[in-house]
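Each chain, written out:
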Amino acid sequence: MKFLQTSDWHLGKLFFEHSLYEDQKDILSRIELELYQESKTDKPYDALLIPGDIYDRGIPPSEATSLFGRFLTNVHTHLPQLHIFILSGNHDNAERLSFVKELLASHNIHLCTDCQDISKPVIVGDVAVYQIPYLHAGDLSHNGCPLRTQQDLYAEAFAMLTRYHKEKYPDLQSLVCAHLFAAGALKSDSERLTVGTVEQVDASLFSDVSYVALGHLHRYQKASHNAYYSGSPLCYSFDERQTAKCMLRGVLDNGSLSVEQVLLQPLHDCVELEDSFKNLQESAVYDQYADCYVSIVCTDTIPVMDPVPLLRKRFHRLLSFKYKSLGGKTTLSLSKRRNLLSDTSSNSFLSIFDNYIADIHDSDQLETSPLLQKERDLFVSYLEKFSTETKE
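Conventions used here
- Residues numbered from 1 in each chain as written.
- Predicted model: local features only at pLDDT ≥ 70, side-chain atom pairs only at ≥ 80, totals over all residues.
- Heavy atoms only, no water.
- Salt bridge = Lys/Arg side-chain N within 4 Å of Asp/Glu carboxyl O.
- Core = buried A, V, L, I, M, F, W, Y, C linked by side-chain atoms within 4.5 Å.
- Buried < 20%, exposed > 50% of the residue type's maximum accessible area, 1.4 Å probe, protein only.
- Helix = DSSP H or I, 4+ residues; strand = E, 2+ residues; numbered from the N terminus.
- Contact = heavy atoms within 4.5 Å.
- Pairing = 2+ DSSP bridges.
- Axes fitted to C-alpha atoms, helices over the stretch in contact; angles between N-to-C directions.
- Phe/Tyr/Trp six-rings, centres within 6.5 Å; stacked < 30°, edge-to-face > 60°.
- 1 Å grid on protein atoms, 1.4 Å probe; cavity = no way out; pocket = protein on both sides within 12 Å on 5 of 7 lines; lining within 4 Å.
- Points joined across faces, edges and corners; volume = space filled by probe spheres on them.

1. Brief notes about the pattern of salt bridges
Here the structure, examined in full by the defined rule, presents 14 salt bridges. Several salt bridges converge on common partners, so that one network encompasses E34, R249 and E260.

Structure below.
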């Protein structure tokens, strides 16, 4: 069995409030192209595996559902014999995703959104393909007791399908699509994870399976000797830019497993730039990033007035801007700042002014800048006038 694995599409996602519709449309066309090109060889794909997070939220925008619908229609029209396996992830609404799944199954499109079909495989060649959607507390029970933790839930799910497989299909290889967080795997900023390790699942659960196609984490990585994350096809946070985006081309053949990356080139790269404002505006080094999604860390210690509109003239897709560290010598704690703000005396107002200047300017600016000193003198005279008028 030859398969193509891709997951965590997150259709409808906004990246720093920027729509990724065109990027996602482009990347789905690249997935289609890979399937079509291999169909012309003597070893076409037998299956496409999409283990979860089709959409970015439970109620996706209409353009996201239309994009997914067109993808399935195009692929099935050109490759009707290809089996497509889709399961619900933690971002998907399982009930909505399961719409007309019985009809789709008759066309080799297999949707798994609940626990009813965990032990019911689809046979593709000499491989039995099982699917486990993202499991919630109470989805499965053991000896009549509802299971709560991810470890317990997936342990029960893998035990169920393993027992069934050994009983019904002992001569076939087994492939499992699952949406989970394998212990030891690396997450990125765009994944929503609960605090601690409550969502982590021990990879030893995969030991009795020929291959596990994993979804949930956005970096390509090997979770165990027989389990891989393809990662998301696009960068959904800037920390993901350090890892190349890909799909996985796998082959299960008479007990042997081979997996290789199929690299994906996005419509727009993601880059994080760190430099002074002047260099970012003028240096020719940055010409190449004009059409990228850009996050900027400015090294200036004095803030620039309205920096984002100015930089967007050069970086058309600038999504994030922040300072590495602004100059300043104030070391006031949060509690002392609160006390200053609640004090209505003239001395407190002057302290607030001095600390504000120290916060946003270089440490010695107040002492060395005639303009700042003049502003401070004006502020002092205003305070004196205000204090006199208040007394009167």
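2. Re the nonpolar core
Counting 38 residues, the largest nonpolar core has L11, L35, F68, I84 and I86 as its most contacted members. Secondary structure elements with two or more residues in this core: α1 (21-39), β4 (47-50), α2 (62-78), β5 (83-87) and β6 (109-112). Sort the elements by how many residues they give to this core and α2 lands first, with six residues. Other than its neighbours up to four places away in sequence, I84 contacts L48, I50, L72, V75, N108, I109 and H110.

3. Description of the sheet that holds strand β16 (residues 227-229)
Within the open sheet, the six strands sit side by side as β7-β8-β11-β14-β16-β15. Their pairing is mixed. Two strands close off the open sheet at either side, each with one partner strand: β7 (122-124) and β15 (221-224). Adjacent strand axes in the sheet meet at a mean angle of 25 degrees, parallel and antiparallel pairs treated alike. In this sheet, strand β8 (residues 127-132) lies alongside β7 in antiparallel orientation, the contact comprising three bridges. Bridge pairing links I123 to A128 in β8. Contacting β8, β11 (173-179) and β14 (211-215), helix α5 (residues 150-168) runs over the sheet at an angle of about 155 degrees to β8.

4. Let's talk about the packing of aromatic side chains
One pass over the structure, following the stated rule, counts 15 aromatic pairs. On the numbers, 5.6 Å between centres and 55 degrees between planes, the contact of F16 with F238 is tilted. With F16 in the loop between β2 (14-15) and β3 (18-19) and F238 in the loop between β16 and β17 (246-253), the pair connects residues that are 222 residues apart, well separated along the chain. A centroid spacing of 6.2 Å and a plane angle of 55 degrees characterise the contact between Y164 and Y169, whose relative ring orientation is tilted.

5. Brief notes about the layout of surface pockets
In this approach, a probe sized like a water molecule rolls over the atoms, and the result shows the empty space that is left. What the largest pocket holds in volume is close to 320 Å³. In terms of lining residues, the largest pocket is bounded by 17 residues, among which Y55, F68, R96, L97 and F99 are the most central. Elements that contribute at least two residues to the lining of the largest pocket include exactly α2 and α3 (94-97). In terms of residue count, α2 provides more of the lining of the largest pocket than any other element does, four residues in total.

6. Structural notes on unusual backbone geometry
Positive phi values are uncommon outside glycine, yet D53 reaches one of about 55 degrees. Among the structural elements, D53 can be located in the loop between β4 and α2. Residues other than glycine seldom take positive phi values, yet H216 does so here, at roughly 130 degrees. Tracing the backbone shows H216 in the loop between β14 and β15. The buried category is assigned to H216, whose relative accessible area is 2%.

Geometry only, nothing functional implied.
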